[in-house]
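Working through the structure, step by step
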Amino acid sequence: MAGARRRLFFALWPDEAVRARLAALQAELPQVAGRWVHPEDLHITLQFLGPVEPGRQACIAEAARAVRGEPFELEIDRLDFWPRPRIAWAGPEGVPPALQRLVEQLARNLERCGFEPEKRPYRPHVTLLRKTTPAAAVRLPEPIRWPVDHFVLVESRPGGDPPHYRPLEGWALED
Ligand code: 3AM
């Protein structure tokens, strides 16, 4: 039997301290309309994979294992809004080189498993609020420092009650 496909993506997963600060930011958002992302679902997507057959998961794990990365720190210092997905998000002003390298390596390794690399430039962000109303970008007076030393493969289970995302496996970024 083929087994059920799972909806998967690679992400940076905050530790409890960073998660608490991101959740506090949600509470301070000026927007009132929208659908809050459950605090346990807060993350930064590295690459979205979509529905994956069980037979491809070994290739995906191998692609992740083959990544040679290094730990880095993210400075979450911007709160912004994108009109097309209609989300409010928090993220770093720029992309740290170590993060850019991580995303590119992952995309390259995943091509061997048949996943098309994303054509749009990589924009790291934590979605805080969906289906929201337009808002102006602001710079956070106190940036959130997010030390990144690993990345995870996450299963997405939309529908039902949140949290919707569950980390399945993680890989360290080692010097
Ligand atoms: O990281 P965020 O919350 O912005 O919108 C989905 C979510 O993004 C995105 O992957 C993340 C985890 O679900 N996503 C969903 N479908 C997608 C698709 N077809 C997608 N990203 C790219 N292509």
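Scope of this entry: the structure provided in the associated data block. (Residues numbered from 1 in each chain as written. Predicted model: local features only at pLDDT ≥ 70, side-chain atom pairs only at ≥ 80, totals over all residues. Heavy atoms only, no water.)

Digging into the overall build of the chain
Of the regular secondary structure elements, the chain holds three helices and nine strands. Mapped in sequence order, the helices and strands of the chain form the string β-α-β-β-α-β-β-α-β-β-β-β. For 175 residues, the compact-globule formula gives about 16 Å, and the C-alpha radius of gyration of the chain, at 16 Å, lands near that figure. Overall, the C-alpha framework of the chain stretches about 50 × 40 × 30 Å when taken along its three principal axes. Considering the chain as a whole, with its 175 residues, one finds that 43% of them fall into the buried category. (Helix = DSSP H or I, 4+ residues; strand = E, 2+ residues; numbered from the N terminus. Rg over C-alpha atoms; globule rule 2.2 N^0.38 Å. Buried < 20%, exposed > 50% of the residue type's maximum accessible area, 1.4 Å probe, protein only.)

Topic: the pairing of strand β6 (residues 126-130)
In terms of burial, β6 is a largely internal element, four of the five residues being buried. Note that strand β2 (residues 35-36) and β6 share two bridges and pair antiparallel. Bridge pairing in β6 places Trp 36 opposite Leu 129. Where strand β5 (residues 87-91) meets β6, three bridges bridge the pair, whose relative direction is antiparallel. Paired with Trp 89 across the two strands is Thr 127, which belongs to β6. (Pairing = 2+ DSSP bridges.)

A word on the site of the ligand
Looking at the ligand, the residues that line it are Arg 7, Phe 9, His 43, Thr 45, Phe 48, His 125, Thr 127, Arg 130 and Tyr 165. Interatomic distance of 2.6 Å between a side-chain N/O atom of Thr 45 and an oxygen atom of the ligand. At 2.9 Å from an oxygen atom of the ligand is found a side-chain nitrogen or oxygen belonging to Thr 127. For the ligand, whose unbound accessible area comes to 480 Å², protein coverage reaches 66%. Looking at the shell around the ligand, the elements with two or more residues in it are β1 (6-12), β3 (44-52) and β6. Here the residues of the shell around the ligand are counted per class, giving three nonpolar, four polar and two charged. (Near = heavy atom within 4 Å. Polar contact = N/O pair within 3.5 Å; in protein donor to acceptor, adjacent residues only side chain to side chain. Areas by Shrake-Rupley, 256 points an atom, 1.4 Å probe, with all protein chains shown as cover. Nonpolar A, V, L, I, M, F, W, Y, C, P; charged D, E, K, R; others polar.)

Regarding the pairing of strand β4 (residues 72-82)
Note on strand geometry: in a regular strand, side chains alternate between the two faces of the sheet. With eight of 11 residues buried, β4 lies mostly within the body of the structure. As judged from the seven bridges shared by β4 and strand β7 (residues 138-148), these two strands associate in the antiparallel manner. Counted as the bridge partner of Ile 76 is Ile 144 from β7. Strand direction decides the pairing type here: β4 and β5, joined by five bridges, are antiparallel. Directly across from Asp 80, in β5, lies its bridge partner Trp 89.

What about the packing of aromatic side chains?
Taken as a whole and assessed by the stated rule, the structure comprises five aromatic pairs. The interplanar angle of 40° and the centroid separation of 4.7 Å between the aromatic rings of Trp 82 and Trp 89 together place this pair among those described as tilted. The interplanar angle of 25° and the centroid separation of 5.6 Å between the aromatic rings of Phe 151 and Trp 171 together place this pair among those described as stacked. Of this pair, Phe 151 sits in strand β8 (residues 150-156) while Trp 171 sits in strand β9 (residues 165-172); the two residues are 20 residues apart in sequence, bridging distant segments of the chain. Accessibility classification places Phe 151 together with Trp 171 in one group, the buried group. Grouped by ring-pair contacts, the aromatic residues Phe 10, Phe 151 and Trp 171 constitute a single cluster. (Phe/Tyr/Trp six-rings, centres within 6.5 Å; stacked < 30°, edge-to-face > 60°.)

Things to note about the nonpolar core
Within the largest apolar cluster, 43 residues are counted, with the highest numbers of intra-cluster contacts made by Phe 10, Leu 12, Leu 46, Trp 146 and Phe 151. Considering every element that reaches this core, the biggest residue donor is helix α3 (residues 97-111), with six residues. (Core = buried A, V, L, I, M, F, W, Y, C linked by side-chain atoms within 4.5 Å.)

Some details on the packing of helix α2 (residues 57-65) against α3
A pair of packed helices is captured by two measures, namely the crossing angle of their axes and the spacing between those axes. Look at α2 against α3: their axes get within 9 Å of each other, and the N-to-C directions meet at 145°. The way α2 lies across α3 gives a crossing that is right-handed. Within the contact between the two elements, α2 uses Ile 60, Ala 63 and Ala 64 and α3 uses Leu 106, Asn 109 and Leu 110. Looking at the contact of α2 with α3 residue by residue, the classes come out as five nonpolar, one polar and no charged. (Axes fitted to C-alpha atoms, helices over the stretch in contact; angles between N-to-C directions. Left-handed = near helix turned anticlockwise from the far one by under 90°. Contact = heavy atoms within 4.5 Å.)

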